[in-house]
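Residues per chain, in single letters:
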Amino acid sequence: MKKLLALICALTAVFCVGCSSSDKPAETAAPTEAVASTVTPEPSATPEPTATPEPTATPTPEPTATPEPTATPEPTPVWEPVFEKEWDVSDVDISWIDPEAKLVAFTFDDGPTKFYDDILNTLEENNMHATFFVWGQQYRDAFKEAMEHVVSAGCEFGNHTWKHPYLTKISAEEIQAEVEQTRALLETFTGKQEFLVRPPYGSANADVKANVFFPMINWSLDTGDWNSGTYDSVYEKLVNVKDGDIVLMHASYKYTYEAVRDVIPVLKEQGFQIVSVSELCKMRGKTLKANAAPLGARVTG
Ligand SMILES: [Zn+2]
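Residues numbered from 1 in each chain as written. Predicted model: local features only at pLDDT ≥ 70, side-chain atom pairs only at ≥ 80, totals over all residues. Heavy atoms only, no water.

In terms of helices and strands, the protein carries eight helices and six strands. Within the span of the protein, comprising 301 residues, buried residues form 39% of the whole. Residue pairs in contact within the protein that sit at least 24 positions apart in sequence constitute 78% of those at least 6 positions apart. For the protein, the computed accessible surface area is about 17,600 Å², with 57% contributed by carbon and sulfur atoms. (Helix = DSSP H or I, 4+ residues; strand = E, 2+ residues; numbered from the N terminus. Buried < 20%, exposed > 50% of the residue type's maximum accessible area, 1.4 Å probe, protein only. Contact = heavy atoms within 4.5 Å. Areas by Shrake-Rupley, 256 points an atom, 1.4 Å probe, with all protein chains shown as cover.)

The structure is reproduced here in structure tokens:
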């Protein structure tokens with residue numbers, strides 16, 4: 001009987017152990033699931049609705065004062081040649097010139113050079129003008145201010161071609177290109193499109209006339225500064241100028257500048273005013289034309 005009882009106990013124990021061991025996962029699993037499903041998370045304190053920022057008064061952009069339509073500069077038209085065009089002197093100011101004065105036009109070729117400022121300072125000190133015929137290929141940035149000085153001094157630019165060739169020895173296309181390249185350079189400094197032309201060496205023929213669409217200007221008096229000149233030889237020529245002379249000089253020589261500096265007060269004493277070529281022609285009513293022989297005589301009206 002005891003044995004039977006012990007067996008029952010044993011079996012029960014085994015059964016129970018088996019039972020509990022097989023149930024164990026369920027038992028252990030159950031709480032987890034239960035926790036998961038039942039533990040309602042404390043409703044986290046609903047965050048105070050963050051104060052919606054006052055719509056910052058969106059600064060209505062002041063209508064920016066509509067800029068006055070800046071008189072849109074008319075785009076400068078590309079320069080175009082006009083055969084035998086008359087030289088326009090409507091913008092040439094001659095109000096400062098004494099109608100009773102003897103007039104002489106000083107011209108300085110082959111610049112820009114390092115003597116531009118010296119020559120211009122002398123002209124400005126004496127209230128005189130001149131024409132500066134520019135050899136385009138001589139230009140470099142270092143001369144920018146000297147070029148601007150020509151304009152601020154009220155002087156005139158002229159066109160002495162780009163490479164300074166004999167225009168009589170090159171083709172029609174080359175003549176036009178020589179003149180155009182320097183014309184375009186001078187336009188950048190003045191806003192003007194047209195400039196008198198001095199053919200290198202004063203050399204022109206029918207082909208040159210046909211292909212230079214600006215009046216050409218030579219001279220009535222050559223100082224010879226280019227031809228073994230000296231201070232004395234240049235001064236001697238200058239002190240003997242006559243009314244209406246167009247005087248050939250070069251901006252390349254110090255002695256030319258020095259002779260000019262010293263002769264100007266003397267010429268003033270003699271009743272001369274020194275002017276640009278365009279001023280001389282306007283004062284004397286001399287009409288210049290493009291595609292014509294170079295002017296090479298005194299302009300006496
Ligand atoms: Zn020259």
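This paragraph deals with the nonpolar core. Counting residues in hydrophobic clusters, the biggest one holds 41 residues, and the most contacted among them are Phe106, Phe108, Tyr116, Phe132, Phe157 and Leu238. The next biggest cluster of nonpolar side chains, apart from the first, holds 17 residues, and it includes Ala105, Val275, Leu288 and Val299. (Core = buried A, V, L, I, M, F, W, Y, C linked by side-chain atoms within 4.5 Å.)

Looking now at the coordination of the zinc ion. Ideal geometry at a metal gives 109.5 degrees between four tetrahedral donors and either 90 or 180 degrees between six octahedral ones. Listed as protein donors to the zinc ion are Asp110 (OD), His160 (NE2) and His164 (NE2); their distances from the metal cover 2.0 to 2.1 Å. In the primary sequence, the donor residues of the zinc ion line up as D-x49-H-x3-H. When sorted by exposure, His160 lands in the same class as His164, which is buried. (Donors = N, O, S within 2.8 Å, 3.2 Å for Na, K, Ca; no water.)

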